[in-house]
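Secondary and tertiary structure notes
The residues making up each chain are set out below.
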Amino acid sequence: MAAQTEESDCAREQTKAEQDVDQVRQRAVRDQQRLDSGAVSSPKDLESLQHEIASLAKRQGDLEDVVLEVMERREAAQERVGELTERVSSVQAKVDDATGRREAAQQEIDGEIATVTKEREVVAASVPADLLALYEKLRVQQGGVGAARLYQRRCEGCRLELNITELNEVRAAAPDAVVRCENCRRILVRTSESGL
Ligand SMILES: [Zn+2]
C-alpha cells in the first residue's frame, strides 16, 4: 500500500510538473508572437520582451528536468509495486494452501472424534456404573488416563514397577476384581503379558 501511495503521489506530481511546463511554454509562445508581430517597437520594451523569452526558456528547461526526475521516481515506484504485488500473491498462495490443509486435517479429526466417541459409548455401556464412575474420577485426576495396562510388572500409567508385595496382591485378586496401582492409583488392566 505504501508503494502504491508513493506511485500515485508521483503521478500527481508529474501531472503538476507537466502543467507548469505547459504554462511556461504557452507564455513563451505568446511573447514570441508579440515579438514577431512587430507591435512592440520601443527598444526598451523589445529588450525586456527578449529577456523574458530567454528566462522563460531557461525556466522551461528547469521544469522539464523536474518532470524527468519525477518520471524516474514514478517508474521506480511502479517497479516496486509490481514486485510487491507478486510477493503478496505468492504469500497468499501459501496461506491458501495451508488453510486448505488445515481444513482437511480438521475434517479428518472431526471424523475421528465422531468414530471414537461412538466406540467409547459402546464400551462404556458394557462397564458397570460404579467402575465407570471410578474410572471417570481417576481420569480427571490423572491427566486423562484413568486406567493403565500392567505390562511386565510395570504400571504403564506412572511407569513404576510394582514391588513383590504389590505383585502378590494383584496375583491373589479375583480375575474380575478391580486392582489399582499403589503409586498412581490408576486402575490396572491385567493381560497375559502382565508378568504375574
Ligand atoms: Zn501407576
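Residues numbered from 1 in each chain as written. Predicted model: local features only at pLDDT ≥ 70, side-chain atom pairs only at ≥ 80, totals over all residues. Heavy atoms only, no water.

**Side note on the coordination of the zinc ion**
When four donors bind a metal tetrahedrally, each ideal donor-metal-donor angle is 109.5 degrees, and when six bind octahedrally, the ideal angles are 90 or 180 degrees. Worth spelling out the cut-off: As a rule, N, O and S atoms within 2.8 Å of a metal are its donors, except that Na, K and Ca use 3.2 Å; water is not among the atoms, so sites may look incomplete. Site shape is set this way: if four donors have all angles between 85 and 135 degrees, tetrahedral; if opposite donors are over 155 degrees apart and all others between 65 and 115, square planar for four donors and octahedral for six; otherwise irregular. Per-residue accessibility, obtained with a 1.4 Å probe over protein chains only, is compared with the maximum for each type, and a residue is labelled buried under 20%, exposed over 50%, and partly exposed between these values.
The coordination sphere of the zinc ion contains the protein donors Cys155 (SG), Cys158 (SG), Cys181 (SG) and Cys184 (SG), at a distance range of 2.3 Å. Coordination geometry of the zinc ion: the four donor atoms subtend angles of 106 to 115 degrees at the metal centre, consistent with an arrangement described as tetrahedral. Within one chain, the residues donating to the zinc ion are spaced in sequence as C-x2-C-x22-C-x2-C. Assigned by exposure class, cysteine 181 and cysteine 184 land together as buried.

**A word on helix α1 (residues 2-37)**
Cut-off, in case you're wondering: Helix and strand assignments come from DSSP, with helices taken as H or I runs of at least 4 residues and strands as E runs of at least 2, each series counted from the N terminus. One fewer than the residue count of a helix, multiplied by 1.5 Å, yields its expected span.
Between its first and last C-alpha atoms α1 spans 52 Å; for 36 residues at 1.5 Å apiece the expected length is 52 Å, and the two agree. Buried residues of α1: Ala3, Glu7, Cys10, Ala11, Gln14, Ala17, Val21, Val24, Ala28, Asp31 and Leu35, and no others. Downstream of α1 by one or two residues, glycine 38 has phi in the positive range, about 80 degrees.

**Focus: the packing of α1 against helix α2 (residues 43-125)**
Quick note on the threshold: Angular values range over 0 to 180 degrees, each being the angle between N-to-C directions of two axes fitted as lines to C-alpha atoms, with helices fitted over their stretch in contact. Any angle that is under 35 degrees is reported as roughly parallel, and any over 145 degrees as roughly antiparallel; angles of 65 to 115 degrees are reported as roughly perpendicular and all others as oblique. Take the far helix as your reference; a near helix turned counterclockwise from it by less than a right angle gives a left-handed crossing, and one turned clockwise gives a right-handed crossing. Three classes are used: nonpolar for Ala, Val, Leu, Ile, Met, Phe, Trp, Tyr, Cys and Pro, charged for Asp, Glu, Lys and Arg, and polar for all others, with Gly counted as polar.
With their axes 8 Å apart at the nearest point, α1 and α2 run at an angle of 160 degrees to one another. In this view, α1 runs roughly antiparallel relative to α2, as classed from their interaxial angle. Where α1 crosses over α2, the handedness of that crossing is left-handed. Tallied by class, the residues present in the contact of α1 with α2 amount to 20 nonpolar, six polar and 15 charged.

**Topic: the sheet that holds strand β1 (residues 147-151)**
Let me state the cut-off plainly: In this scheme, strands are said to pair when DSSP sees at least two bridges between them.
Taken together, four strands build an open sheet; the order of strands is β2-β1-β4-β3 and the sheet is mixed. Two strands lie at the open edges of the sheet, namely β2 (154-155) and β3 (179-180), each paired on one side alone. Sheet analysis places β3 next to strand β4 (residues 187-189), joined by two bridges and oriented antiparallel. By the bridge assignment, arginine 180 is partnered in β4 with isoleucine 187.

**Concerning the nonpolar core**
Taken as a class, soluble globular proteins show a tendency for nonpolar side chains to be buried jointly. Test applied: Residues belong to a common nonpolar core when they are buried Ala, Val, Leu, Ile, Met, Phe, Trp, Tyr or Cys residues joined through side-chain atoms within 4.5 Å. Residues are treated as being in contact if the distance between any of their heavy atoms lies within 4.5 Å.
Membership of the largest hydrophobic core is limited to ten residues, which are Ala148, Leu150, Cys155, Leu162, Leu167, Val170, Val179, Cys181, Cys184 and Leu188. Only β1 and α4 (164-172) provide two or more residues apiece to this core. Once residues lying within four places of it in the same chain are set aside, the contact partners of cysteine 181 are Cys155, Cys158, Arg186 and Leu188. By size, the runner-up hydrophobic cluster in this structure holds seven residues, among which are Ala17, Val21, Val24 and Leu56.

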